[in-house]
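# Fold and contact review
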Amino acid sequence: MAKRSPSYVCQNCGAAYNRWQGKCDACGEWNSIAEETSAIAAVPASQRPRGRGRVFALESLTGSTDEAPRLVSGIGELDRVTGGGFVRGSVLLLGGDPGIGKSTLLIQACAALANRNARVIYISGEEAAAQVRLRAERLGLASAPVELASETSVEDILATFEHGPPPRLVVIDSIQTMWTDTVESAPGTVTQVRGSAQALIRYAKRSGSTVILVGHVTKDGQIAGPRVVEHMVDAVLSFEGDGGRDFRILRGVKNRFGPTDEIGVFEMTGLGLREVTNPSALFLSERDLGSPGTAVFGGMEGTRPLLVEMQALVAPTSLGTPRRAVVGWDSSRLSMVLAVLEAHCGVKLGGHDVYLNVAGGLRIQEPAADLAVAAALISSLTGAPLPADAVYFGEVSLSGSVRPVAHMGPRLKEAAKLGFHRAVCPVPGNESGSDSGMRVNGVASLATLVADIAASGESQRRKSTKVSP
Ligand code: TYD
Ligand code: MG
């Protein structure tokens, strides 16, 4: 019998060590290393069964696939993020905070698919079958032919799947509750999560079923424990939302079979998740019209235009080092815009605190938001509200020039659809949006924009002093 040497595995990132230590060198986490014994790793190479290796058949790339390669759920916002449906034999990891609505989304997807005659199995390791059924009843989905079980043993689950036709979709809610016999450590440890995920992934590839693994997310936004699983699966989707609000955003973080820049927008209602097909209207619904410091950004999320409000507050600081606080945007990008304003436009913000917020809890990654952010900052600094019918977009370079951005046409069309009349944006090139009905106000440099906003603020002030003597 081989001696089983214990190994010490970080429960946060999965790094393995020969002896215990207080801090993980790989991820920097304290007290995350625990002793684990892996049955597979404990068998020395010399004692593993030797053989000649099995001969397998090779296939050609130009073969035909008998079934539709993608399984369309019919929930448009979900299909958009997966890239047009679940790919056969693929494995997805759905991460998100507890209580955000992962189970709700997946039971809705399962019901939609089962109603279209696909065999769908939902395995819950957290809730009893009765609880899942109760939720489905509340959502009005109780009649959908979804097969349910409350199980946590991967071997039992796979043995059950081998009976009958292979399911088209399997949901494992959640991967942290699964355990496998092949690994000798407690459920929930990295080794168990990795072992269970490996077994389920092997099953997906062998059978052609799509497997969705649910994963919980830690405070700092990492998918807890199974960071290792992120590398093993084909796609990682993250379900995000703001605790105080009802809408939820599904974002592709990694996708071997589709785009990663698309988002799906849902609203949590008393009857489950409802698709939001026109998110711009949602994100602009609570707009503060006419107050300084807000600019509407004509953005793009993947192939879809999305208008959001950028809110800035610039106020004199009482601290030695002024504060820079950002929610929903990149803080280094904000520093860059502030530096450009200071260096090329003569706007001194060293004595001011700067707060920036993307309304509605959305997270924006596009550099095209630079111009909208700059406009909101200047508007707050000067106290001059921006025109309520204008949208802003454009990338600002370090030299202070405004660089063109892609998809001018869709951005302008979306703005026109939502009742905006003018766009402050890079000087249009060949791809002009003249057919959108928007007045395009091209700005070549950030200094021009600053001068325009300051001038309009000045004229407003003069008008108001004339009216009130
Ligand atoms: P759930 O899907 O259980 O979250 P997760 O699986 O990500 O932990 O969602 C639970 C939350 O959603 C809970 O706070 C109640 C809310 N909810 C609704 O508001 N409406 C509904 O129809 C359902 C089913 C849940
Ligand atoms: Mg759940």
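Only a predicted model underlies this, so the values are computations on that prediction, with no experimental measurement involved. Every chain's residues receive numbers from 1 upward, in the order its sequence appears when written. Lettering of chains starts at A and numbering of ligands starts at 1, both following the order in which they are written. At least 70 in pLDDT is required for a residue's local features to be given in this predicted model, at least 80 for side-chain atom pairs to be given and counted, and no such filter applies to totals for whole chains, interfaces and linings, which use all residues. Note: side-chain values were computed over all heavy atoms of the structure, leaving out hydrogens and water.

## Quick look at the sheet that holds strand β9 (residues 169-173)
- Pairing is mixed across the open sheet formed by 9 strands, whose spatial order is β8-β7-β9-β11-β6-β12-β13-β14-β15. In the strand order of this sheet, the two ends are held by β8 (147-150) and β15 (272-275), each with one partner. Neighbour-to-neighbour, the strand axes of the sheet open up by a mean angle of 25 degrees, direction not taken into account.
- Two strands are said to pair when DSSP picks up at least two bridges between them. Secondary structure is summarised from DSSP: a helix means a run of H or I of at least four residues, a strand means a run of E of at least two, and numbering begins at the N terminus for each. Sheet topology places strand β14 (residues 263-269) next to β15; 4 bridges connect them, and they run antiparallel. Bridge pairing links M268 to L273 in β15.
- The contact definition used throughout considers only heavy atoms, calling two residues in contact when any of these lie within 4.5 Å. Geometry is summarised by axes, namely lines fitted to C-alpha atoms with helices restricted to the contacting stretch, and by angles between N-to-C directions that run from 0 to 180 degrees. Packing against the sheet, helix α4 (residues 129-138) makes contact with β7 (120-124) and β8, and its axis sits at approximately 140 degrees to β8.

## A few points about the pattern of salt bridges
- We define a salt bridge as a side-chain nitrogen of Lys or Arg found within 4 Å of a carboxyl oxygen belonging to Asp or Glu. Taken as a whole and judged by the stated rule, the model has 18 salt bridges.
- Residue E147 pairs with R119 through a salt bridge whose shortest N-O separation is 2.9 Å. Placement of E147 in strand β8 and of R119 in the loop between α3 (102-114) and β7 is noted, with a sequence separation of 28 residues between them.
- What makes E147 partly exposed here is its relative accessible area of 33%.
- Between R256 and D234 there is a salt bridge, with the nearest N and O atoms lying 2.7 Å from each other. When accessible area is computed with a 1.4 Å probe and restricted to protein chains, residues below 20% of their type maximum are described as buried, those above 50% as exposed, and intermediate ones as partly exposed.

## Focus on the nonpolar core
- Judged by nonpolar contacts, the single largest core of 61 residues is most densely connected at L341 and L377.
- At 8 residues, helix α10 (residues 370-382) tops the list of elements feeding residues into this core.
- Not counting the four nearest positions on each side in its chain, L341 is found in contact with G346, V347, L349, L377, I378, L446 and V450.
- Side-chain atoms within 4.5 Å are what join buried Ala, Val, Leu, Ile, Met, Phe, Trp, Tyr and Cys residues into a set we call a nonpolar core. Core analysis: the next-biggest nonpolar cluster, separate from the first, contains 34 residues, L78, F86, A111 and L169 among them.

All quantities given are derived from atomic positions and should not be read as evidence of function.
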